[in-house]
Amino acid sequence: MYRCATFVVFLVLGIAIQLSNGTEVNVKDKDNNLCLYAKLMVNFRVSYEVAVNEILTAEFKLPASVASDGSTCDNTSSTLKLNFGEGHSWSVNFTTEGKMYQVDTITFSYNLSDASIFPNSTSTETTTIYVKPQIKDVGVDTCYSCESEDTYVTDSVRQTLWNVLIQAFVINNSTSENITPCAADVSPTTPAALTTTTTSTTTTSTTTTSTTTTSTTTDAPVTNSTTTDAPVTNSTTTDAPVTNSTTTDAPVTNSTTTDAPVTNSTTTDAPPTNSTTTAPPPTPTPTPTLPAPTTGKYKLQPDVNSTACLLADFGLRFKVKDEEMNFEPNGTAVTGKCEVNSSELLLTSSTVTIKFTFTNDTKKFRLHALNVTGKTSSGVAFSAANTNLSLWEAAVGSSYMCNKEQNYTISADLSIYTFELRVQPLAVKEGIFSTAHECSLDDTSILIPIIVGAALAGLILIVVIAYMIGRRKTYVGYQTL
């Protein structure tokens, strides 16, 4: 029986029940048709501060009683949002690409003022983290299934999903019987060999004497190993000769045995001439210089009929430890929100999710927080956040611009570089940038007084030197007379 077809369809929108293996949710559209189905288990492990330099860790799970208010679905995108406890929520955003769909972002918000989960927390804020999972290429008319554990780790949060069964785009009010399993469920596993205390003789695939291990069974052959009576290819045993191997008493050219003379060798136990030596380490290939990143042009609109409330143009580069990568704007999803005194810009590409948070502080806006998660081109996962920034500051109603390359350190392992930067997160009028406040790197007007001042100082110095020389000559003339 197919897993995806064995659920009860009588639940109304926003109701969830717990079975023996997790939380089950049915989401219905405005026509009361089933449009999204999910059954899963999620464990959370969150580190939080209780005193100066004192950290505690809270462990809890997605409870049985959740509300799915905020869950939506249509033909191209859907969102599963599960609200629980005192102000906590966990949501997944899905999008389609042709006949396939993928998970764009997992968002987890937790309220540190909830004393039942975070006792003695010094903070009462609600913290939100974003994760870019590698769940993609799921057929629209199939259920995504993953019984294996799938763990995502950020700076202070660890999320573990398992027993997951989701169909993000239900067709014809009925879940599919087809399953798309995760890679961990279909990856072949190698059965472990039984072990006993029986000792067997094994040899490596070189012409050296045999070594002894205790990791094989009495009667079962082990790859690249031999038992007492069974010959193994490219190995040697006590009684059976093997091709390209040596036995105890046979002389072998360019090889060494215990008692046999060796050609090109000076003594019985000395290593033979022309024997293999350790190769010098290869010269590391220099890392190629990355080209300047493509400048992305992003705008945020409250709805399709409204003008933009946030504008941002920039090229972006990340440096994760010693590896650099450019952010690719093509295909990037742009979401966020605009409020009176703050705004958020969330960019989600195929490899990186980055969230910019802007605030209005005494009639000036600034970049207040930055949260980045993703994977480098070599597959290394990274996550970093900084909620105490004061960057890109300008008066509300104007824009901030810096065409030159700028470098910012976000955390110990992550730095970002911006190119051709211009942002206006608040008070956008008619969907276009207002007058720009230029950064000091771009502002060349300050050079003019510096140059004029330096020229005047040089001229004064020349006049003083000429005066001193003229006076000295006059003094010498008087002495001569």
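Not measured: the values here are computed from a predicted model.

### With respect to the confidence of the model for the protein
Point 1. Here the protein shows a mean pLDDT of 77. Residues at 70 or above account for 71%.
Point 2. Mean pLDDT in the protein bottoms out at strand β16 (residues 211-213), which sits at 35, and peaks at strand β26 (residues 399-402), which reaches 96.
Point 3. Below a pLDDT of 50 lies the segment residues 6-20, which in the model reaches 38 contacts outside its immediate sequence neighbourhood of four places, other chains included.
Point 4. Within the model, pLDDT remains below 50 along residues 189-277, and this stretch shows 99 contacts once partners closer than five positions in the same chain are excluded.

### Brief notes about the layout of surface pockets
Point 1. A volume near 260 Å³ is recorded for the second largest pocket.
Point 2. Surrounding the second largest pocket, 16 residues form its lining, V131, K132, Y152, K375 and A381 being those nearest its centre.
Point 3. Within the residue set of the lining of the second largest pocket, elements represented by two or more residues are β9 (126-131), β12 (150-153), β23 (364-375) and β24 (381-386).
Point 4. Top contributing element to the lining of the second largest pocket by residue count: β12, with four residues.
Point 5. When grouped by side-chain class, the residues that make up the lining of the second largest pocket number seven nonpolar, six polar and three charged.
Point 6. The two domains that each donate at least three residues to the lining of the second largest pocket are domain 1 (23-181) and domain 2 (296-441).

### Examining the nonpolar core
In summary, soluble globular proteins display a tendency toward joint burial of nonpolar side chains.
Point 1. Core analysis: the largest hydrophobic core is formed by 44 residues, its most contacted members being F60, W90, F94, F108 and F118.
Point 2. Broken down by element, this core gets its largest block of residues, nine residues, from strand β3 (residues 34-51).
Point 3. What F108 contacts, discounting residues up to four positions off in sequence, is F44, V46, F60, F84, S89, W90, T127, T128, I129, V157 and Q159.
Point 4. In this structure, I354, L389, W392 and C402 belong to the second largest nonpolar core, which totals 37 residues.

### As for the packing of aromatic side chains
Point 1. Counted according to the given criterion, the structure contains 17 aromatic pairs.
Point 2. With a centroid separation of 5.8 Å and an interplanar angle of 40°, the aromatic rings of Y110 and F118 are classed as tilted. Each member of the pair, Y110 as well as F118, carries the same accessibility label: buried.
Point 3. Between F358 and W392, the aromatic rings sit 6.4 Å apart at their centres with planes inclined by 35°, giving tilted as the arrangement. One end of the pair, F358, is in strand β22 (residues 352-361); the other, W392, is in strand β25 (residues 391-395), and 34 residues separate them in sequence.
Point 4. For W392, a relative accessible area of 4% corresponds to the buried category.

### Details of empty space enclosed by the protein
Point 1. Counting across every chain of the model gives two cavities of 30 Å³ or more.
Point 2. I135, Y144, L161, V164 and I166 are, among the 13 residues lining the largest cavity, the residues nearest its centre.
Point 3. Of all the elements in the fold, those that place two or more residues in the lining of the largest cavity are β7 (88-97), β8 (100-111), β11 (143-146) and β13 (157-167).
Point 4. In terms of residue class, the lining of the largest cavity is built from eleven nonpolar, one polar and one charged.
Point 5. Empty space within the second largest cavity amounts to approximately 60 Å³.
Point 6. Taken together, ten residues make up the lining of the second largest cavity; nearest its centre are G22, M41, V42, K61 and L62.
Point 7. Mapped by element, the contributors of at least two residues to the lining of the second largest cavity are β2 (22-28) and β3.
Point 8. Looking at the lining of the second largest cavity, the element that brings in the most residues is β3, giving four residues.
Point 9. Counted by class, the lining of the second largest cavity contains five nonpolar, four polar and one charged residues.

So, how was this worked out
Residues numbered from 1 in each chain as written. Predicted model: local features only at pLDDT ≥ 70, side-chain atom pairs only at ≥ 80, totals over all residues. Heavy atoms only, no water. pLDDT = per-residue confidence, 0-100. Helix = DSSP H or I, 4+ residues; strand = E, 2+ residues; numbered from the N terminus. Contact = heavy atoms within 4.5 Å. 1 Å grid on protein atoms, 1.4 Å probe; cavity = no way out; pocket = protein on both sides within 12 Å on 5 of 7 lines; lining within 4 Å. Points joined across faces, edges and corners; volume = space filled by probe spheres on them. Nonpolar A, V, L, I, M, F, W, Y, C, P; charged D, E, K, R; others polar. Domains from an automatic or database assignment. Core = buried A, V, L, I, M, F, W, Y, C linked by side-chain atoms within 4.5 Å. Buried < 20%, exposed > 50% of the residue type's maximum accessible area, 1.4 Å probe, protein only. Phe/Tyr/Trp six-rings, centres within 6.5 Å; stacked < 30°, edge-to-face > 60°.

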